[in-house]
Amino acid sequence: MIIDRRLNVLAATDVAQSLSGAFQIGANLARFTFLTPEGQPSHPRWKEAASATVGLLRSFVDEHDEDRASQHILGELATASRDFSEIWADPETRTPMTGTIAFEGTPVGTVTCTYSVLGVSGHDDCAVLVFTPSDATERAAVDLLAASSSLSS
């Protein structure tokens, strides 16, 4: 999946889109996390995902001067979500560039992957998020997602 510095999804494979509603092309990861019912705090791992999302947004904002569009999304999130404001207020909130994430509610159940956030040479306002199944069982689940994605295309 490729995202821009405002966490808009620019490109995502069919499998990535099957893992999470947040990964739909045109979606915004921060808005999904803080402003949609699917991304709300009732999710068991929401706090972890919310902190990672804020950390990723912060890393892009820190790397670039805040432009009008970045100011707009930060203002929208701060106004509409107390949770966002509280997490954003902690200057230590950073996203690890690698880690593990469990995607719940996929068509094949919970899928656990490792992830890496990679910079794009020559395009420092974008990043690639790579998700890799964490073991053979998770690989089989991702293969099922890929097969069902190709059938529905």
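Up top is the structure.
A brief look at the structure comes next.

Calculation criteria
- Counting starts from 1 at the beginning of each chain's written sequence and moves along it residue by residue.
- This being a predicted model, a pLDDT of at least 70 is required before a residue's local features are given, and a value of 80 or more before pairs of side-chain atoms are given or counted; all residues contribute to the totals for chains, interfaces and linings.
- Side-chain metrics in this entry use all non-hydrogen atoms of the structure; hydrogen atoms and water are not considered.
- Put simply, DSSP marks the helices as runs of H or I at least four residues long and the strands as runs of E at least two long, and each gets a number from the N terminus on.
- When we talk radius of gyration, it's over C-alpha atoms, and the globule rule is simply 2.2 Å times the number of residues to the 0.38.
- We call two residues in contact whenever any of their non-hydrogen atoms come within 4.5 Å of each other.
- Per-residue accessibility takes into account occlusion by the displayed protein chains alone, with areas from the Shrake-Rupley method and a 1.4 Å probe.
- Only four residue types enter the charge count: Lys and Arg as positive, Asp and Glu as negative, with His and the chain ends excluded.
- All charge positions are set by atom: Lys at NZ, Arg at CZ, Asp at CG, Glu at CD.
- DSSP calls a pair of strands paired once it identifies at least 2 bridges connecting them.
- For every element, the axis is a line fit to its C-alpha atoms; helices are fit only across the contacting stretch, and the angle between N-to-C directions ranges from 0 to 180 degrees.
- Take the number of residues in a helix, subtract one, and multiply by 1.5 Å to get its expected span.
- The cut-offs for exposure are 20% and 50% of the maximum accessible area for each residue type, with area from a 1.4 Å probe on protein chains only; residues under the lower value are buried, those over the upper are exposed, and the others partly exposed.
- The directions considered for the arc are those from the helix axis to the C-beta atoms.

Some details on the overall build of the protein
A tally of regular secondary structure across the protein gives 6 helices and 5 strands. Each helix and strand of the protein, placed in order from N terminus to C terminus, yields the pattern β-β-α-α-α-α-α-β-β-β-α. Rg of the C-alpha trace for the protein: 15 Å, near the compact-globule value of 15 Å for 153 residues, within the 12% margin. Oriented by its inertia axes, the alpha-carbon framework of the protein measures out at about 40 × 40 × 25 Å. Long-range pairs, those at least 24 residues apart, make up 51% of the contacts in the protein between residues at least 6 apart in sequence. Carbon and sulfur atoms make up 54% of the accessible area of the protein, which amounts to about 8200 Å² in all. Mean positive and mean negative side-chain charge positions of the protein (10 and 20 charges, respectively) differ by 5 Å.

Comments concerning the sheet that holds strand β5 (residues 123-133)
Across the sheet, 5 strands lie side by side as β2-β1-β5-β4-β3; this open sheet has antiparallel pairing. Two strands in the sheet have a free side with no partner beyond their single neighbour: β2 (9-11) and β3 (98-106). If you compare each strand with its neighbour and ignore which way they point, the axes differ by 35 degrees on average. Sheet topology note: the β3/strand β4 (residues 109-120) ladder contains 7 bridges and is antiparallel. When the sheet's bridge partners are listed, T100 is paired in β4 with T114.

A closer look at helix α4 (residues 68-80)
Here α4 spans 18 Å end to end across 13 residues, near enough to the 18 Å set by a 1.5 Å rise per residue. Those residues of α4 that sit buried are S70, I73, L74 and L77. For α4, the angular spread of the buried residues around the axis is 95 degrees, confining them to a single face. Residues of α4 that are exposed and point over 90 degrees away from its buried face: R68, H72, T79 and A80.

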